[in-house]
Amino acid sequence: MRLVVCGISAVLLSGCSWMGYDNTSYGGNAQQAYTGAQYSNYATQTPGYDQTAGYGQTSAYGMQPVQQALGPCQITSPTQHIPQGCTPEQVTLALASPTQLGPQAQLGSQAQAGSQYQYTTGGYGNHVGSAQSAAQYQAPEKKLKRPWLRGSFGLEIDHSVSGELYQPSGAVGPLSYNRATFAESGTSGVVISGDLTTTTYTSIPERVLAPDISFDDVYTAPLRITGGLEVILSDHATVFANAGYTRAEGKKGGGVDIVDGLLRTITVDSFDALGVQTASITNGTVIPNQTVAHYDYQFNDLTRVDFEVGARYYFNPIFPNQFSRTLTPFISASGGAAHYDETTVAENQRQLFLRRAFESTATDNVFYDVNFGTPTQIYDAQWVSYGALKAGLEWQMTPRTALAFEAGLKYETDRERTNGTGGDENFSIPIAIRGSYNF
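Remember, it's a predicted structure, so these values are computed and weren't measured experimentally.

Quick notes on the rules
- Residues numbered from 1 in each chain as written.
- Predicted model: local features only at pLDDT ≥ 70, side-chain atom pairs only at ≥ 80, totals over all residues.
- Heavy atoms only, no water.
- Helix = DSSP H or I, 4+ residues; strand = E, 2+ residues; numbered from the N terminus.
- Contact = heavy atoms within 4.5 Å.
- Areas by Shrake-Rupley, 256 points an atom, 1.4 Å probe, with all protein chains shown as cover.
- Buried < 20%, exposed > 50% of the residue type's maximum accessible area, 1.4 Å probe, protein only.
- Patch = residues over 30% accessible without salt bridge, like charges linked within 9 Å, V, L, I, M, F, W, Y side chains within 5 Å.
- Salt bridge = Lys/Arg side-chain N within 4 Å of Asp/Glu carboxyl O.
- Lys, Arg positive; Asp, Glu negative; His and termini not counted.
- Charge placed at Lys NZ, Arg CZ, Asp CG, Glu CD.
- Disulfide = S-S within 2.5 Å.
- Pairing = 2+ DSSP bridges.
- Axes fitted to C-alpha atoms, helices over the stretch in contact; angles between N-to-C directions.
- Phe/Tyr/Trp six-rings, centres within 6.5 Å; stacked < 30°, edge-to-face > 60°.
- Lys NZ or Arg CZ within 6 Å of the ring centre and 35° of its normal.
- Core = buried A, V, L, I, M, F, W, Y, C linked by side-chain atoms within 4.5 Å.

(A) Quick peek at the overall build of the chain. Across its full length, the chain carries six helices and 21 strands. When contacts within the chain are restricted to residue pairs at least 6 apart in sequence, long-range pairs at least 24 apart make up 75% of them. A total of about 22200 Å² of accessible surface is found on the chain, and carbon and sulfur atoms cover 59% of it.

(B) Structural detail: the environment of Gly335. One can find Gly335 in strand E15 (residues 327-340). Note: C-alpha distance between Gly335 and Gly387 (52 residues apart in sequence) is 4.1 Å. Ignoring any residue separated from it by four or fewer positions in sequence, one finds Gly335 in contact with Phe307, Glu308, Val309, Tyr386 and Gly387.

(C) Broad picture of the environment of Val384. Tracing the backbone through its elements, the reader meets Val384 in strand E19 (residues 382-396). Look at Val384 and you get buried, because its relative accessible area is 5%. Separated by 46 residues in the primary sequence, Val384 and Ala338 have C-alpha atoms spaced 5.4 Å apart. If we ignore the near neighbours within four places in the chain, the residues touching Val384 are Gly336, Ala337, Ala338, Tyr340, Glu412, Thr413, Asp414 and Arg415.

(D) Just a negative patch on the surface, in detail. Among the surface-exposed residues, Asp212, Asp341, Glu342, Asp380, Asp414, Glu416, Asp424 and Glu425 lie close enough to one another that they form a single negatively charged patch. Within the fold, Glu416 resides in the loop between strand E20 (401-412) and strand E21 (426-438). Judged by relative accessible area, which is 45%, Glu416 ranks as partly exposed.

(E) Representation of the state of the cysteines. A complete count under the given rule lists one disulfide for this structure. A sulfur-sulfur distance of 2.0 Å marks the disulfide that ties Cys73 to Cys86. Its S-S torsion of approximately -85 degrees makes the covalent link between Cys73 and Cys86 left-handed. Of this pair, Cys73 sits in the loop between strand E1 (64-67) and strand E2 (74-75) while Cys86 sits in the loop between E2 and strand E3 (92-93), and the two are 13 residues apart along the sequence.

(F) Just unusual backbone geometry, in detail. Here the phi dihedral of Asn289 falls at roughly 55 degrees; this positive angle occurs in a residue that is not glycine. By secondary structure assignment, the location of Asn289 is in strand E13 (residues 277-299).

(G) Spatial organisation of the sheet that holds E21. Sheet architecture is closed into a barrel: eight strands sit in the order E5-E10-E11-E14-E15-E19-E20-E21, paired in antiparallel fashion. Direction aside, the axes of adjacent strands within the sheet are offset by 25 degrees on average. Pairing geometry for strand E14 (residues 302-314) and E15, over eleven bridges, is antiparallel. Within E15, the residue paired with Ala311 across the bridge is Ala333.

(H) Spatial organisation of the packing of aromatic side chains. Taken as a whole, this structure holds nine aromatic pairs when the rule is applied. For the pair Tyr313 and Phe315, a centre-to-centre distance of 5.1 Å together with 80 degrees between the ring planes defines the contact as edge-to-face. The exposure class of Phe315 is partly exposed, given its relative accessible area of 36%. Ring centres of Tyr437 and Phe439 lie 5.9 Å apart, and the angle between their planes is 80 degrees; this geometry places the pair in the edge-to-face category. On the basis of relative accessibility, which here comes to 56%, the residue Phe439 falls in the exposed class. Among the aromatic residues, those joined into a ring-pair cluster are Tyr166, Tyr297 and Phe299. In this structure, Arg415 packs its charged tip against the face of Tyr379, placed 4.6 Å from the ring centre.

(I) Seen up close, the nonpolar core. With 33 residues, the main nonpolar core has Tyr166, Leu262, Val292, Tyr297 and Phe299 as its most contacted residues. Considering each element in turn, this core owes the most residues, six residues, to E13. If near-sequence neighbours (up to four positions away) are discounted, Phe299 is found in contact with Leu165, Tyr166, Ile213, Val218, Tyr219, Gly250, Lys251, Gly253, Thr343, Thr344, Val345 and Ile378. In terms of nonpolar packing, the next biggest core, distinct from the first, is built from five residues, Tyr61, Ile232, Phe330 and Ala404 among them.

(J) Structural context of the pairing of E13. Of the pairings in the sheet, the one linking strand E12 (residues 252-271) to E13 comprises 17 bridges and is antiparallel in character. The partner of Val256 across the bridge, within E13, is Tyr295. If you look at the hairpin formed by E12 and E13, you'll find five residues sitting between the two strands, and Gly275 has a positive phi there, around 85 degrees.

(K) Just the side chain of Thr343, in detail. Within the secondary structure, Thr343 is located in strand E16 (residues 343-352). On the accessibility criterion, Thr343 (3% relative accessible area) is buried. In this view, Thr343 contacts Tyr219, Phe299, Asn300, Thr376, Gln377, Ile378, Tyr379 and Arg415; residues no more than four positions away in its chain are not counted.

Have a look at this one:
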């Protein structure tokens, strides 16, 4: 008999709901229930992080609400059959979760919840009546599940902005440049009862232009590939460890110019009928400020492996109402060690055709190759330490994947040269794009 009474009461109550006998209007309290109940549970459990509706309330780390399961004897409607294995006294009533429905159905479910559940005075068990507490009618609680580990893969351009790689002023070629080796001369005339004219073209020293060659001159845009793991400690803090491989094509960098004055010397020797020299007259003409020799330097490719550890701090997401996926700014600090392969350089010399340049009054300056030097090692393979500070913006694309853009300043200690002298420190501005995946 009790079961029959409960069933009739449930049917009548549902009928009142269908006929509109409900003190909760569609546009008033139902709307408040929609805007408040649906989102407040997520926002309060993760302070400072915007919960994005586009991906099931995805936050900065891809956190998602987890629906707690209904009890074995819990039902969501008074007209639902008794679950198998339960007695009428064990049955309790729970509201359906609005987030499991569409927007319109959510509004409807809130209004129906007010009409169906607020006025229920009977049920399958004796305690389903007015003695049942409001907690028994609450929707199952939802919690945010934050991942604790994610993997990352990145591409980075490690562009140097300060630091010298090589100082050609101490190179062998410019220091040992021998002008007599490249002199050009010619002779005309007769020795018996005549004049013998000798013309010589050479140069006289003025200056040597040998600017230092920077890292950027030789390795313009080293490409670094990284992979690593990031452990999420809290809503804002993480620690990470990465391994990287860097490669850059070596190219001709810098150069040395030998700037001399072009010198033409004309000597006229006079002879008598017996071939005895009777007189000698010498005249010289100079064209100043001419590059008579040029050295360029060909470096080998750069290869480097590195290992780093660091930490990131994620701020609150920005523009939470403008984007369906969170945009989270962050800063990071890291340090590590990098191993360079050996660095070699080949010195190549080009020489000016002195006579051609002088006779054209320096309007027809043509150079020819003198030699292609053999590679000379300037740095041994060795380890150096480095540190970096970066800032960036992370875009949570899906609950599991994110894409970050970052840039900063990196400092690298000097390398020791093969000859035992110290090299120069290297400052660079790394610009990177990094993808991550939550495990």
